[in-house]
Amino acid sequence: MASEGRFDLSDKREIPTGTINAIVAMYQLALSKALGSGSAALTQLILRDVTKIADEMLKDLGIELGEVGDLKNDIPKVFKLMGISDKVEVEVPKEALASGSTYVIKVYDSVFKPVALLLHKKGIKFTLSPEAFIAAYIVRKALRKQNDKANVRIQVEPMKSPDEPLVIKVIVR
């Protein structure tokens, strides 16, 4: 039950995507005001602890990823399953999961696209991109099978027009 600090689907209320986008934008604006350019560093710190917590939250929602292996297919599948995007492309590096390799995820029709566009217009870096956290979570989950200490860093390119995709880079560290 949500009131007990669990994320489940027992409460069937739906929140319009505009409301969710406004909330995400407000968090990003507050973080940027409070930390300035340091907000990107905070995002990286959050990623260190997110895998286990995300597994628990998603399980409560009825979404279990299990073993993640084929990232080119698994990332778009999760975005679709979560209702975030139906069109996601993943460029997998030649040396997948090797230190320094970069995964490029292009999200074309995200429900959060309006936030990315708004922040770009205001000159604010989108460090709390929900799409970036989900992509990094999936890559990190795959990495952790090989090396329990493996980590990732995310980079979100500013979105300049509604016609282009949100481009997320997940770099293996």
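Before any of the text, the structure's been laid out above.
Bear in mind that the values here come from a model prediction, so they are computed numbers and not experimental data.

Considering the overall build of the chain
Then, number 1: Secondary structure assignment for the chain yields five helices and four strands.
Then, number 2: Helices (α) and strands (β) of the chain occur, in sequence order from the N terminus, as α-α-α-β-β-α-α-β-β.
Then, number 3: Over its C-alpha atoms the chain spans a radius of gyration of 16 Å, differing by no more than 12% from the 16 Å that the globule rule assigns to 173 residues.
Then, number 4: For the C-alpha atoms alone, the extent of the chain along its principal axes is close to 40 × 40 × 30 Å.
Then, number 5: Buried residues in the chain amount to 42% of all 173 residues.
Then, number 6: Of all intrachain contacts in the chain linking residues separated by at least 6 positions in sequence, the fraction that spans at least 24 positions is 63%.
Then, number 7: Carbon and sulfur atoms provide 56% of the accessible area of the chain, an area that totals close to 10000 Å².
Then, number 8: Separation of charge centres in the chain, based on 26 positive and 22 negative side chains, amounts to 6 Å.

What about the nonpolar core?
Then, number 1: Judged by nonpolar contacts, the single largest core of 48 residues is most densely connected at Leu 71, Ile 75, Ile 105, Ile 138 and Val 170.
Then, number 2: In terms of residues, this core owes the most to one element, helix α5 (residues 130-146), which gives 10 residues.
Then, number 3: Leaving out residues up to four positions away in the same chain, Leu 71 has contacts with Pro 76, Val 90, Leu 97, Tyr 103, Ile 138, Val 139 and Ala 142.

A short note on the sheet that holds strand β4 (residues 166-172)
Then, number 1: In space, the four strands of this open sheet follow the order β1-β2-β4-β3, with antiparallel pairing throughout. Edge positions in the sheet fall to β1 (88-91) and β3 (152-156), since each of these pairs with one other strand and no more. Direction aside, the axes of adjacent strands within the sheet are offset by 20° on average.
Then, number 2: Sheet analysis places β3 next to β4, joined by five bridges and oriented antiparallel.

A few points about the pairing of β4
Then, number 1: With respect to burial, β4 is a largely interior element, six of its seven residues being buried.
Then, number 2: In this sheet, β4 lies alongside strand β2 (residues 102-107) in antiparallel orientation, the contact comprising six bridges. When the sheet's bridge partners are listed, Tyr 103 is paired in β4 with Val 170.

Thoughts on the environment of Ser 85
Then, number 1: Within the element layout of this structure, Ser 85 appears in the loop between α3 (71-81) and β1.
Then, number 2: With relative accessibility at 4%, the residue Ser 85 sits in the buried group.
Then, number 3: Spatially, the C-alpha atoms of Ser 85 and Val 24 are 16 Å apart, while their sequence positions differ by 61 residues.
Then, number 4: Those residues in contact with Ser 85 that sit more than four places away from it in its chain are Phe 79, Lys 80, Val 107, Tyr 108, Asp 109 and Ser 110.

Description of the environment of Leu 35
Then, number 1: Relative to the assigned elements, Leu 35 resides in helix α1 (residues 17-35).
Then, number 2: Distance in space between the C-alpha atoms of Leu 35 and Ala 136 is 22 Å, their sequence separation being 101 residues.

Some points on the packing of α1 against helix α4 (residues 113-122)
Then, number 1: Contact geometry of α1 with α4 gives a least axis separation of 9 Å together with a crossing angle of 35°. Regarding α1 and α4, the two cross each other, and that crossing is right-handed. Side by side, α1 and α4 meet where Asn 21, Val 24, Ala 25, Gln 28 and Leu 29 of the first sit next to Pro 114, Val 115, Leu 118 and Leu 119 of the second.
Then, number 2: Along the lines of polarity and charge, the residues of the contact of α1 with α4 split into seven nonpolar, two polar and no charged.

Conventions and cut-offs
Residues numbered from 1 in each chain as written. Predicted model: local features only at pLDDT ≥ 70, side-chain atom pairs only at ≥ 80, totals over all residues. Heavy atoms only, no water. Helix = DSSP H or I, 4+ residues; strand = E, 2+ residues; numbered from the N terminus. Rg over C-alpha atoms; globule rule 2.2 N^0.38 Å. Buried < 20%, exposed > 50% of the residue type's maximum accessible area, 1.4 Å probe, protein only. Contact = heavy atoms within 4.5 Å. Areas by Shrake-Rupley, 256 points an atom, 1.4 Å probe, with all protein chains shown as cover. Lys, Arg positive; Asp, Glu negative; His and termini not counted. Charge placed at Lys NZ, Arg CZ, Asp CG, Glu CD. Core = buried A, V, L, I, M, F, W, Y, C linked by side-chain atoms within 4.5 Å. Pairing = 2+ DSSP bridges. Axes fitted to C-alpha atoms, helices over the stretch in contact; angles between N-to-C directions. Left-handed = near helix turned anticlockwise from the far one by under 90°. Nonpolar A, V, L, I, M, F, W, Y, C, P; charged D, E, K, R; others polar.

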